[in-house]
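Each chain is listed here by its residues.
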Protein chains: 4
Amino acid sequence: MAKINAAIFGASGYTGQELVRILLSHPQVNLIAASSRRYAGVPLAKVYPSLLGKTDMEFINATASEVAKSADVVFLALPHQVSQNAAGEIALTGKRIIDLSADFRLADVKTYEEWYTKHTQQDLLKKFVYGLPELFREEIKGAQMIANPGCYPTSILLALAPVVKMALIKNDSLIINSCSGVSGAGREPSVGSLFCEVAQGFKAYKAGGKHRHTPEIEQGLTRFAGAPVKVTFTPHLLPVNRGILSTSYASLAKKVTAAEIHACFQDFYCSENFVRIYPLGELPNINAVTGTNLCDIGIALDERTERLIIVSAIDNLVKGAAGQAAQNMNIIFDFPEGQGLETTSIFP
Amino acid sequence: MAKINAAIFGASGYTGQELVRILLSHPQVNLIAASSRRYAGVPLAKVYPSLLGKTDMEFINATASEVAKSADVVFLALPHQVSQNAAGEIALTGKRIIDLSADFRLADVKTYEEWYTKHTQQDLLKKFVYGLPELFREEIKGAQMIANPGCYPTSILLALAPVVKMALIKNDSLIINSCSGVSGAGREPSVGSLFCEVAQGFKAYKAGGKHRHTPEIEQGLTRFAGAPVKVTFTPHLLPVNRGILSTSYASLAKKVTAAEIHACFQDFYCSENFVRIYPLGELPNINAVTGTNLCDIGIALDERTERLIIVSAIDNLVKGAAGQAAQNMNIIFDFPEGQGLETTSIFP
Amino acid sequence: MAKINAAIFGASGYTGQELVRILLSHPQVNLIAASSRRYAGVPLAKVYPSLLGKTDMEFINATASEVAKSADVVFLALPHQVSQNAAGEIALTGKRIIDLSADFRLADVKTYEEWYTKHTQQDLLKKFVYGLPELFREEIKGAQMIANPGCYPTSILLALAPVVKMALIKNDSLIINSCSGVSGAGREPSVGSLFCEVAQGFKAYKAGGKHRHTPEIEQGLTRFAGAPVKVTFTPHLLPVNRGILSTSYASLAKKVTAAEIHACFQDFYCSENFVRIYPLGELPNINAVTGTNLCDIGIALDERTERLIIVSAIDNLVKGAAGQAAQNMNIIFDFPEGQGLETTSIFP
Amino acid sequence: MAKINAAIFGASGYTGQELVRILLSHPQVNLIAASSRRYAGVPLAKVYPSLLGKTDMEFINATASEVAKSADVVFLALPHQVSQNAAGEIALTGKRIIDLSADFRLADVKTYEEWYTKHTQQDLLKKFVYGLPELFREEIKGAQMIANPGCYPTSILLALAPVVKMALIKNDSLIINSCSGVSGAGREPSVGSLFCEVAQGFKAYKAGGKHRHTPEIEQGLTRFAGAPVKVTFTPHLLPVNRGILSTSYASLAKKVTAAEIHACFQDFYCSENFVRIYPLGELPNINAVTGTNLCDIGIALDERTERLIIVSAIDNLVKGAAGQAAQNMNIIFDFPEGQGLETTSIFP
């Protein structure tokens, strides 16, 4: 079994180390480099003791192109804006890129610049494919460069694509209430991510259409609706390490039963290994997907108000980041799509 | 300062012991009895070590009327259905009743029986006043019997009353996403409340209009709307001990600015000591109200979708149960309304 | 690759389901039965949604001998006393037994009966081998019946065996302070395991030589000391799902340096894959072994008081129960010892 | 009732804000200033929303002597070393000082400099009294300057003073295993205090006599023993916001029963309101003292090994810092010692 060489640029954050964990146990991958300016020269296992005995690698301090040198694919696990420039450098080497930042997710540069910052690699933008395999697998197959989706959008697009595509709901009625674990905020120390601030707490943030994942969600839904979709999206901070639970609300566009909607979801995802549709009457819990690449989906119909409630759960660091990145890698290198990603969640 | 005698019937649950804590330090109350069949004869401080050195009382096993004997007011901290019968017995003694169960919250007996169980004290029902002081203080003042509101409804009615009353929102657009700490499930051992099932987890439950607090929420809103209101309400289970955060969504009924809505809230609650309106741009966190009788409210306007988002936070055991019960007691006995309830939340 | 048939008797507790998880992904095992009286007829995935899509098995209600019928090995994940009888039945079938209860861990029946209850299978007792592979591998190899060690003893014996064997410490000076996650208490609902009782709490329990793992710890140490060893052992309850951290204290028996003791540990465990010795100056955290079969060990020398401090960390459900059971199975069936147990801990 | 003016220098950390909370509700105190360089000009309630509606104060940026100007007492809630200099400045104003740092706790300047840093205010050192009221109340009464004890030492000295004083234990056998909540690390952002690093984790740190509270513990014990005492002290990090549980081990110096030792504790603390001795057979949990100035103590005797186990629990931010500071203030100003500190712990 031939192996590919993979490198991670920006590997010391929570997403980066999660990718390290996945790639180290992937049977068709040699992890050849993990870069980190802050921890250059330090063994990965010293920064992340869970890796003790699993690898002797040290973080390296190298430029994007140096990292790309012997690699077949480079993962970028960097903040947005920083990622753009690294992608620009690596693009010159012709190596495949899987970018976990937001820099290449929005096809429209104007939208990007409105919500984020200046885009310095606009030419590159067209070459990137939005890497949500269950929804856009065919495009991903031939891609050189993948924009790995955001964590919130992954949980939401998988939940809403079936009903938007089948026109079962009124697209202007979409309200999405999402709750994320703290690892989504990364490992950069900040008061807001301290244990004491988060434990026994719960809050909404960036309510009122201010979170940057909003245009990414709308871009995805618009593709399935065939017409512009706008949503109300409110993220919340959960006192857990990992996991996103999105509770999406929509008014029905026509008279359908819960069973019919349920069947629609089952059909839509019937050949997907990473989406689990819950039996009617049951709803997902983030603790059943922790550490896995799964998206769990459950539905409920409020007949009194004719609204559909869809609850979806993912692990933000796996299906919402590193796992999905590895899934995209599997697709573009024609490996079995689930390779290295078949773990069962550990409970409790 | 003359003191009243208070008794708690069913005092060994989380709500009961919270009431014990509050009443023990209330300057105008003698707590004369705390009943519990399970723990009869056991010191309160043995069941709840936080009370060690604060009281030598033991739980007693007594009938409702025995408990009521020397009391001026009896608090019922019992499961619904059990509470009805106790209330019936105590009513005969002429003592004041503050019922923390759901048994007398719904004015319409048909609705009660549809959502709960048979009602055996229908005559008594009319004598009960719904005890949400900030909204119905005048009625509470003269009441003999108080139906203490549910925890979810308290957080929601306080959040929505101002905008429903001012007709700022479309009443048929109301979607309420609520998240509660585990103490809301009580102290009865069950798999679902075990540490291992809840920690690092998060889930929705009873989605689709199935939670019994739904008719209570609708009854309250209907009073402010002057016309029937139906809501979509989805509760979730948070991995925290205490706290409810409700994120309510509504479409605007007219063109208003965030500042105007904010002013509406400030006006509505300008003389209330237990409601704090957050400055525009800030949103509440349950950890700022833990242990207090406060309801914190913050708002955000999504101009892109013309929807209002209202976030409200309470401590489910205090403002959502025992604290509000004590507030009602203060009102009906003409004590200062905040007496014994002025604590500042402990953080972190 | 020939596969063996494995069955689990008493599979619906936390330990049982953990064994299910491990065996389902083990390349040389067919899991043919999982019994549970309470959940008979219910799909495993309904009781443990993490298993959804991983298995269609249902819990069965069957006798021990029925469960054993087509099995090559039967795991008993039952409470002590119940396990004895099941073992007695299965012994008649000649099938291999790995017992995760305490029933066959203590070689001396008197000690067992003093700390636990009457032993009804005393003849069987001699046939059981104490299954702590890193310390007693040779005996395990030929065994028909394995007594799988307790969680606390596993963490403690691995930490102390090297220094006791090398006579580096005074054996009468041993004090062991252990802290365990809540899953150690099992899934049986009880007030003490409720989220609200445990979260934000921490306590010692059964202090003063009252915990039943004490004689098991002493039996193990006595084997290495060659003379009776008594310890002071205090367990504590940690507000985490999984993990045991044992901090063991001992006075030095001779003048040695920290580096020499460290080298002693490295030598002792140099060919072990499931024991990781931390570099001097670093100490383990339970969150680096969660979900793994590892035991992490770190040491510190207090030169001021001439005491050695050894800190050891395991996952109580894996190395402390189901993982070690699978490791024992691997040994007795001559599979690679780490098969199915090589996962890296998920962090954070 | 005449009030005193109190000021806090360095009020924006967890300890500082806890002191704010306590002093704001103290009936004999006007809080006149709360300084913070970082948050100068920002309302306290913006940094700590729990204070919303409780105070309109803003943090000020002022020198120590400016802060002291109109104050009767100045609390220093600063890092060690910084505190020294502030104390030096304030000493010149003649105002009373209660220092919550480590700078004046160690009477011996050499010991201080060995464990901490250079001491620039050696002359002042003699004027400071070690403020552990239950043990040294008489000295505190007349003091101008109080060195408020460390959190670990408070929990340990209260647990050990009775048995050391009565010579019930061998002083050279003392081993102390302590576990602290995360707030002990302060509010300064650091990787080690992030939610994701701490939740579901547990570790020892600074094992082997390296923690700076060691000499403070030994100094206190030495006073009761009348001869030098050395201890082995190992701190651990608990995934809780607040609380320290210390499990102390000692060999008996003579034949005594558990009941005799228990009686010794009851006698020793018979007139103390902030120490609760648990009935024999029960042990404290940190969640029964959260938010209070209490120290809970339980004992167990291991007759098999003739060792005494003493378990003590405090809230590190209250009895371990701000609460004890307020208790000291009450003493030196001749207020009732428990004033403003009589709260019952909120559970759960």
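Given the structure is predicted, the values throughout are model-derived calculations rather than measurements.

The rules behind each value
- Residues numbered from 1 in each chain as written.
- Chains lettered and ligands numbered in written order.
- Predicted model: local features only at pLDDT ≥ 70, side-chain atom pairs only at ≥ 80, totals over all residues.
- Heavy atoms only, no water.
- Core = buried A, V, L, I, M, F, W, Y, C linked by side-chain atoms within 4.5 Å.
- Buried < 20%, exposed > 50% of the residue type's maximum accessible area, 1.4 Å probe, protein only.
- Contact = heavy atoms within 4.5 Å.
- Least-squares fit on C-alpha atoms with pLDDT ≥ 70 in both.
- Pairing = 2+ DSSP bridges.
- Helix = DSSP H or I, 4+ residues; strand = E, 2+ residues; numbered from the N terminus.
- Axes fitted to C-alpha atoms, helices over the stretch in contact; angles between N-to-C directions.
- Phe/Tyr/Trp six-rings, centres within 6.5 Å; stacked < 30°, edge-to-face > 60°.
- Lys NZ or Arg CZ within 6 Å of the ring centre and 35° of its normal.
- Buried area = accessible area lost by both parts, 1.4 Å probe.
- Salt bridge = Lys/Arg side-chain N within 4 Å of Asp/Glu carboxyl O.
- Polar contact = N/O pair within 3.5 Å; in protein donor to acceptor, adjacent residues only side chain to side chain.

S.K.: Where do I start with the nonpolar core in this structure?
M.R.: It is characteristic of soluble globular proteins that their nonpolar side chains tend to be buried jointly. Counting residues in each nonpolar core, the largest one holds 277 residues, and the members touching the most others are A:Phe75, B:Phe75, C:Phe75 and D:Phe75. Ignoring anything within four residues of it in the chain, the contact list for C:Phe75 reads C:Ala6, C:Ala7, C:Ile8, C:Phe9, C:Leu19, C:Leu23, C:Ile98, C:Leu100, C:Ala325, C:Ala326 and C:Met329.

S.K.: Please clarify how the relation of the copies chain A and chain B should be interpreted in this entry.
M.R.: In this arrangement, two copies of a chain are superimposed by a rotation about an axis accompanied by a shift along the axis. For the pair chain A and chain B, the relating rotation is 180 degrees, the translation along its axis is 0.0 Å, and the fit reaches an RMSD of 0.0 Å. Expressed as an axis order, the relation between the two copies is that of a two-fold axis. Comparing interface residues between copies, 100% of those in chain A also sit at the interface in chain B, which points to an isologous, same-surface contact.

S.K.: Help me understand the relation of the copies chain D and chain B in this model?
M.R.: Between chain D and chain B, the superposition needs a rotation of 180 degrees and an axial shift of 0.0 Å, giving an RMSD of 0.0 Å. Comparing interface residues between copies, 100% of those in chain D also sit at the interface in chain B, which points to an isologous, same-surface contact.

S.K.: Explanation requested: the sheet that holds strand E12 (residues 295-302) of chain C in the structure shown.
M.R.: Hydrogen bonds along the backbone pair up the strands of a sheet, which may run parallel or antiparallel. Residue and element names in this part refer to chain C. Reading across the sheet, the seven strands line up as E8-E9-E7-E10-E13-E12-E11 and stay open at both edges, with mixed pairing between neighbours. Both outer strands of the open sheet, strand E8 (203-204) and strand E11 (275-277), are each paired with one neighbouring strand and no more. Taken together, the two bridges between E8 and strand E9 (residues 232-237) define a ladder with antiparallel strand orientation. Residue pairing across strands places Ala-204 opposite His-236, the latter belonging to E9. Packing against the sheet, helix H11 (residues 258-268) makes contact with E11, E12 and strand E13 (307-314), and its axis sits at approximately 160 degrees to E12.

S.K.: I'm lost on the packing of aromatic side chains in this one. Help?
M.R.: Each aromatic ring pair is described using two quantities: the centre-to-centre distance and the angle formed by the ring planes. Counted according to the given criterion, the structure contains 44 aromatic pairs over all chains. With a centroid separation of 6.0 Å and 70 degrees between ring planes, the pair formed by A:Tyr130 and A:Phe136 is classed as edge-to-face. By the burial criterion, A:Tyr130 is buried, and A:Phe136 matches it. Measuring from centroid to centroid gives 5.9 Å for B:Phe333 and B:Phe335, while their planes differ by 20 degrees, and the two rings are stacked. Three or more aromatic residues joined by ring pairs form one cluster here, namely A:Tyr14, A:Tyr48 and C:Phe347. A cation over a ring is seen here: A:Arg96 above A:Phe333, with NZ or CZ 4.8 Å from the ring centre.

S.K.: What am I meant to see in the interface of chain D and chain B here?
M.R.: Size of an interface: often given as the accessible area lost when the parts come together. Across the boundary between the two partners, chain D contributes 29 residues, which contact 29 residues of chain B. Regarding the contact of chain D and chain B, the summed buried area is about 2700 Å², with carbon and sulfur atoms giving 61% of it. For the pair chain D and chain B, the interface holds two salt bridges. Across the pair D:Lys46 and B:Glu282 runs a salt bridge, and its minimum N-O distance is 2.5 Å. Counting every contact that joins chain D to chain B gives 18 residue pairs in polar contact (both at pLDDT 80 or more). With four residues, the single largest contributor to the side of chain D that touches chain B is helix H1 (residues 14-24) of chain D.

S.K.: It is not clear to me how the pattern of salt bridges should be interpreted in this structure. Could you clarify?
M.R.: In a structure, side chains of opposite charge can pair up when their charged atoms sit close to one another. Applying the stated criterion across every chain, the model contains 64 salt bridges over all chains. Its salt-bridge partner being B:Glu216, residue B:Arg105 comes within 3.3 Å of it at the nearest N-O pair. Separated by 111 residues along the polypeptide, B:Arg105 in the loop between strand E4 (96-99) and helix H5 (109-115) and B:Glu216 in helix H10 (residues 214-225) bring together distant segments of the chain. B:Glu216 gets classed as buried once you look at its relative accessible area, which sits at 2%. Notably, a salt bridge pairs D:Glu18 with D:Arg242, separated by 2.7 Å at the nearest N-O pair. Of the two residues, D:Glu18 sits in helix H1 while D:Arg242 sits in the loop between strand E9 (232-237) and strand E10 (244-251), which places them 224 residues apart along the sequence. Like D:Glu18, the residue D:Arg242 is buried in the burial classification.

In short, shape yes, function no, at least from these values alone.
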